[in-house]
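Below, each chain spelled out in residue letters.
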Amino acid sequence: TSLIAPANPQVASLSPARIKTADPVLKIPAPAESASVTAMLPFGEVKDLVWDAQDLVWSTRFLVPRSVEDGVYWIHVVVTAADDSVNWYRISYTVDTKAPVLRVHLQDRTVSAGSRLAMTAHPIVGFLELGSEMLQALGRDAAARATAFVELKSMVARIPTAGVETPLVSDRDAKATWHGSLVLPEDLAPGTHRVEVTGTDIAGNRHTVVEHVAVLEAPVAVVSAPGKQIGRAHV
């Protein structure tokens, strides 16, 4: 995970802004000739960044302790130029160890083998969690912090007994809603089957919702000529 602060504005937001407790990389695009770049981390540690000639940024890797609670945290960075002038950066990140809570809607609960099962899914945002997030951000980047709660990296639907799986996609104008469909095999055994929908958020947390669908045999059509039955075919 990389935390990248642009040179302007000096109060920066992150995208993605949510990480698990781990060892992210902080990158600051200060001039190469800067005398020093120092980061003051929210849990008391001070880190000196080093110049990365390949990416043309100052960077350092730091460890987010596992004891840190979920929430928004701020890093303060001091850049001392060659002429001893000082610039400040502030960059926030969110520690997120909670899996997204999903709501899944199947278009049909009873389908035929060989048909297509359509569905939609979206994350549920709790009012208290959202309010706490905004308060911890102290009003800064509130919209971005709120959006982070419904930003999922991927959504996958599968029917394990059928051996079918498909990614769901999100709408550009409604990022919180995902949709897609599974094509059921024509030889899928009749009965009740599990439908699993797994969402992964941008911090890597996962949540799987299990639904059930009743599968009927593929309908059979009678193929015949006038006054004579020729055969039967699945459609």
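As the structure is a computational prediction, the values presented were derived from the model and not from experiment. (Residues numbered from 1 in each chain as written. Predicted model: local features only at pLDDT ≥ 70, side-chain atom pairs only at ≥ 80, totals over all residues. Heavy atoms only, no water.)

Trainee: Would you explain the overall build of the chain in this entry?
Mentor: Across its full length, the chain holds two helices and 21 strands. Residues classed as buried in the chain amount to 37% of the 235 residues present. If you take every contact in the chain between residues at least 6 apart in sequence, the share linking residues at least 24 apart comes to 60%. As presented, the chain carries roughly 13000 Å² of accessible surface, and 53% of it is formed by carbon and sulfur atoms. (Helix = DSSP H or I, 4+ residues; strand = E, 2+ residues; numbered from the N terminus. Buried < 20%, exposed > 50% of the residue type's maximum accessible area, 1.4 Å probe, protein only. Contact = heavy atoms within 4.5 Å. Areas by Shrake-Rupley, 256 points an atom, 1.4 Å probe, with all protein chains shown as cover.)

Trainee: How do you make sense of the side chain of D201 when you look at a structure like this?
Mentor: Looking at the secondary structure, you find D201 in strand β18 (residues 191-201). Accessibility expressed as a relative area gives 5% for D201, which makes it buried. Within the structure, the side chain of D201 is placed 2.8 Å from the backbone nitrogen of N205, a separation counted as a polar contact. (Polar contact = N/O pair within 3.5 Å; in protein donor to acceptor, adjacent residues only side chain to side chain.)

Trainee: Any chance you could explain unusual backbone geometry here in plain terms?
Mentor: Only a minority of non-glycine residues have a phi that is not negative, and only a minority of peptide bonds are not trans. In this model, L56 sits at a positive phi of 60°, which is unusual for a non-glycine residue. Looking at where L56 falls in the secondary structure, it is placed in the loop between β7 (50-52) and β8 (57-61). Taking the relative accessible area as the measure of exposure, L56 reaches 55% and is therefore exposed. A positive phi angle, near 75°, is found at D84, a position not held by glycine. On the secondary structure map, D84 appears in the loop between β9 (71-80) and β10 (86-95).

Trainee: So what exactly am I meant to see when it comes to the sheet that holds strand β19 (residues 206-216) here?
Mentor: Sheet strands pair by backbone hydrogen bonding; their relative direction is either parallel or antiparallel. One open sheet holds the five strands; their spatial order is β12-β19-β18-β14-β15, and the pairing between them is mixed. The outermost strands of the open sheet, each flanked by one partner alone, are β12 (110-112) and β15 (164-167). Ignoring which end each strand starts from, the neighbouring axes of this sheet average 30° apart. Strand direction decides the pairing type here: strand β14 (residues 152-159) and β15, joined by four bridges, are antiparallel. Residue pairing in the sheet places I159 in a bridge with V164 of β15. (Pairing = 2+ DSSP bridges. Axes fitted to C-alpha atoms, helices over the stretch in contact; angles between N-to-C directions.)

Trainee: Could you clarify how one ought to interpret the nonpolar core in this entry?
Mentor: As a rule of thumb, nonpolar side chains are buried together in soluble globular proteins. With 25 residues, the main nonpolar core has L117, M119, M155, I159, L168, V195 and V197 as its most contacted residues. For this core, the secondary structure elements donating two or more residues are β11 (101-106), β13 (116-124), β14, β17 (174-183), β18 and β19. Membership of the second largest hydrophobic core comes to 18 residues, among which are V37, A39, V77 and Y89. (Core = buried A, V, L, I, M, F, W, Y, C linked by side-chain atoms within 4.5 Å.)

Trainee: How should I be thinking about the pattern of salt bridges in this particular structure?
Mentor: Two side chains of opposite charge can pair, provided their charged atoms sit close to one another. Enumeration over the complete set of coordinates arrives at five salt bridges. Measuring nitrogen to oxygen at the nearest pair gives 3.5 Å for the salt bridge that ties D55 to K27. Pair noted here: D55 is in the loop between β7 and β8 and K27 is in strand β4 (residues 25-28), with a separation of 28 residues, a long-range link. Residue D55 is classed as partly exposed on the basis of its relative accessible area, which comes to 39%. (Salt bridge = Lys/Arg side-chain N within 4 Å of Asp/Glu carboxyl O.)

Trainee: Would you mind going over the confidence of the model for the chain with me for this structure?
Mentor: Mean pLDDT over the chain stands at 77; residues scoring 70 or higher make up 70%. When pLDDT is averaged over each helix and strand of the chain, the minimum, 39, is found for strand β2 (residues 11-12) and the maximum, 96, for β15. The model gives residues 1-17 a pLDDT under 50, and that stretch makes 51 contacts with residues more than four places away or in other chains. (pLDDT = per-residue confidence, 0-100.)

Trainee: Sorry, what's going on with the side chain of T60 here?
Mentor: Mapped onto the fold, T60 is located in strand β8. Non-local contacts of T60, meaning those with residues more than four positions away in its chain, are made with P24, V25, L26, K47, D48 and L49.

Trainee: I keep staring at the packing of aromatic side chains and nothing clicks. Help me out?
Mentor: In the structure shown here, the tally under the stated rule is two aromatic pairs. Centre to centre, the rings of F43 and F62 are 6.4 Å apart; their planes meet at 40°, and the pair counts as tilted. In this pair, F43 is assigned in the loop between β5 (36-40) and β6 (46-48) and F62 in the loop between β8 and β9, connecting sequence segments 19 residues apart. Given the relative accessible area of 28%, F43 is considered partly exposed. A relative accessible area of 2% places F62 in the buried class. Its guanidinium or amino end placed over the ring of W74, R90 lies 4.2 Å from that ring's centre, counting from NZ or CZ. (Phe/Tyr/Trp six-rings, centres within 6.5 Å; stacked < 30°, edge-to-face > 60°. Lys NZ or Arg CZ within 6 Å of the ring centre and 35° of its normal.)

Trainee: Can you help me understand the pairing of β4 in this one?
Mentor: Successive side chains on a regular strand alternate, one facing one side of the sheet and the next facing the other. Side-chain alternation along β4 places V25 and K27 on one buried face and L26 and I28 on a second face that is also buried. Of the pairings in the sheet, the one linking β4 to β8 comprises four bridges and is antiparallel in character. Paired with K27 across the bridge in β8 is S59.

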